[in-house]
Amino acid sequence: MSHATLIAEVEDWLIDEALHDPDIVELFGTLCTRLHAAGLPLERAALSWPTLHPLFQSEQIYWRLGGGAELFQYRHDAVSSGAFEESPFYHVLINGLSRLRRRLEGPEALLDFPVLEDLAEAGFTDYLMTATRFRIADVEAYRGGSSGIRASWSTRRADGFSERDLEALSRVQRVFAVACHAAIQK
């Protein structure tokens, strides 16, 4: 089966999931596993979105190949720690970017965030962040900021992500955003 056919199957699965009130942690974990099975050299991923919750500023899911997906919730006071401001998630959010890529080794390496240094030390070679903006309840009005999802994707493959991998991740991100929108709104 071709790469494009496998990615189209992932997209079809995501659309079906969006129609069935998905659990976002399970959805993201299964998505990452399916992308890996479709041939993407994905070994680590994270998904983040803002919340309108009295205790939590945002939620984030981490997925690791062979380790599954796990949800983390960040309290409002965690933002003032400075760690968030030093993250690619913050950089993408504050600058309104839809995509950020960093090579983590070789002559094109750019380790301009502490997490990228950690990933390079752990043997990762490439990092991509994709962002899709959409309205989450009243988060934008309440905080005066942007809402939607931001996902990071990392690999240890020697050459990093290929152009075909990057295209597949960008394509899947839009369909995934629709499924996330349904799950986050509830």
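Bear in mind the structure is a predicted one, so any value in this text is a computation, not a measurement.

1. Side note on the packing of helix α1 (residues 3-18) against helix α2 (residues 24-37)
Piece 1. One way to put it is that α1 packs onto α2 with a least axis distance of 10 Å and a crossing angle of 165 degrees. Classified by the angle between their axes, α1 and α2 sit roughly antiparallel to one another. The handedness of the crossing between α1 and α2 comes out as right-handed. Residue-level inspection shows Ile 7, Val 10, Trp 13, Leu 14 and Glu 17 of α1 in contact with α2, the latter providing Leu 27, Thr 30, Leu 31, Arg 34 and Leu 35.
Piece 2. The residue inventory of the contact of α1 with α2, partitioned by class, reads seven nonpolar, one polar and two charged.

2. Notes on the pairing of strand β5 (residues 126-133)
Piece 1. The buried fraction of β5 amounts to seven of the eight residues, a majority that puts the element mostly inside the structure.
Piece 2. The sheet contact formed by strand β4 (residues 99-103) and β5 spans five bridges and is antiparallel. Each bridged residue has a counterpart across the sheet, and for Arg 103 the counterpart in β5 is Asp 126.
Piece 3. Taken together, the eight bridges between β5 and strand β6 (residues 148-155) define a ladder with antiparallel strand orientation. Residue pairing in the sheet places Leu 128 in a bridge with Trp 153 of β6.

3. Comments concerning the environment of Glu 9
Piece 1. Tracing the backbone through its elements, the reader meets Glu 9 in helix α1.
Piece 2. Once the C-alpha coordinates of Glu 9 and Ala 38 are considered, the two residues, 29 residues apart in sequence, prove to be 9.2 Å apart.

4. Overview of the nonpolar core
What tends to happen in soluble globular proteins is that the nonpolar side chains get buried as a cluster.
Piece 1. Leu 14, Phe 28, Leu 31, Leu 35, Leu 47, Trp 153 and Phe 176 are the most contacted members of the largest nonpolar core, which has 34 residues in total.
Piece 2. Mapped by element, the contributors of at least two residues to this core are α1, α2, β1 (44-50), β2 (56-64), β6 and α6 (163-185).
Piece 3. Of all the elements, α6 adds the most residues to this core, at nine residues.
Piece 4. Those residues in contact with Leu 47, other than ones at most four positions away along the chain, are Ile 24, Phe 28, Glu 59, Gln 60, Ile 61, Ile 149, Arg 150, Ala 151, Phe 176 and Cys 180.

5. A few points about the packing of aromatic side chains
Piece 1. Counted by the stated rule, this structure contains two aromatic pairs.
Piece 2. Judged by centre distance (6.0 Å) and plane angle (50 degrees), the ring pair of Phe 28 and Trp 153 falls under tilted. Of this pair, Phe 28 sits in helix α2 while Trp 153 sits in strand β6, and the two are 125 residues apart along the sequence.
Piece 3. Taking the centre distance of 5.7 Å and the plane angle of 35 degrees together, the rings of Phe 28 and Phe 176 count as tilted. Taken together, the residues span a long stretch of sequence, with Phe 28 in helix α2 and Phe 176 in helix α6 at a distance of 148 residues.

The rules we used
- Residues numbered from 1 in each chain as written.
- Predicted model: local features only at pLDDT ≥ 70, side-chain atom pairs only at ≥ 80, totals over all residues.
- Heavy atoms only, no water.
- Axes fitted to C-alpha atoms, helices over the stretch in contact; angles between N-to-C directions.
- Helix = DSSP H or I, 4+ residues; strand = E, 2+ residues; numbered from the N terminus.
- Parallel < 35°, antiparallel > 145°, perpendicular 65-115°, else oblique.
- Left-handed = near helix turned anticlockwise from the far one by under 90°.
- Contact = heavy atoms within 4.5 Å.
- Nonpolar A, V, L, I, M, F, W, Y, C, P; charged D, E, K, R; others polar.
- Buried < 20%, exposed > 50% of the residue type's maximum accessible area, 1.4 Å probe, protein only.
- Pairing = 2+ DSSP bridges.
- Core = buried A, V, L, I, M, F, W, Y, C linked by side-chain atoms within 4.5 Å.
- Phe/Tyr/Trp six-rings, centres within 6.5 Å; stacked < 30°, edge-to-face > 60°.

Note that every value here comes from positions in space, so none of it alone points to a role or purpose.
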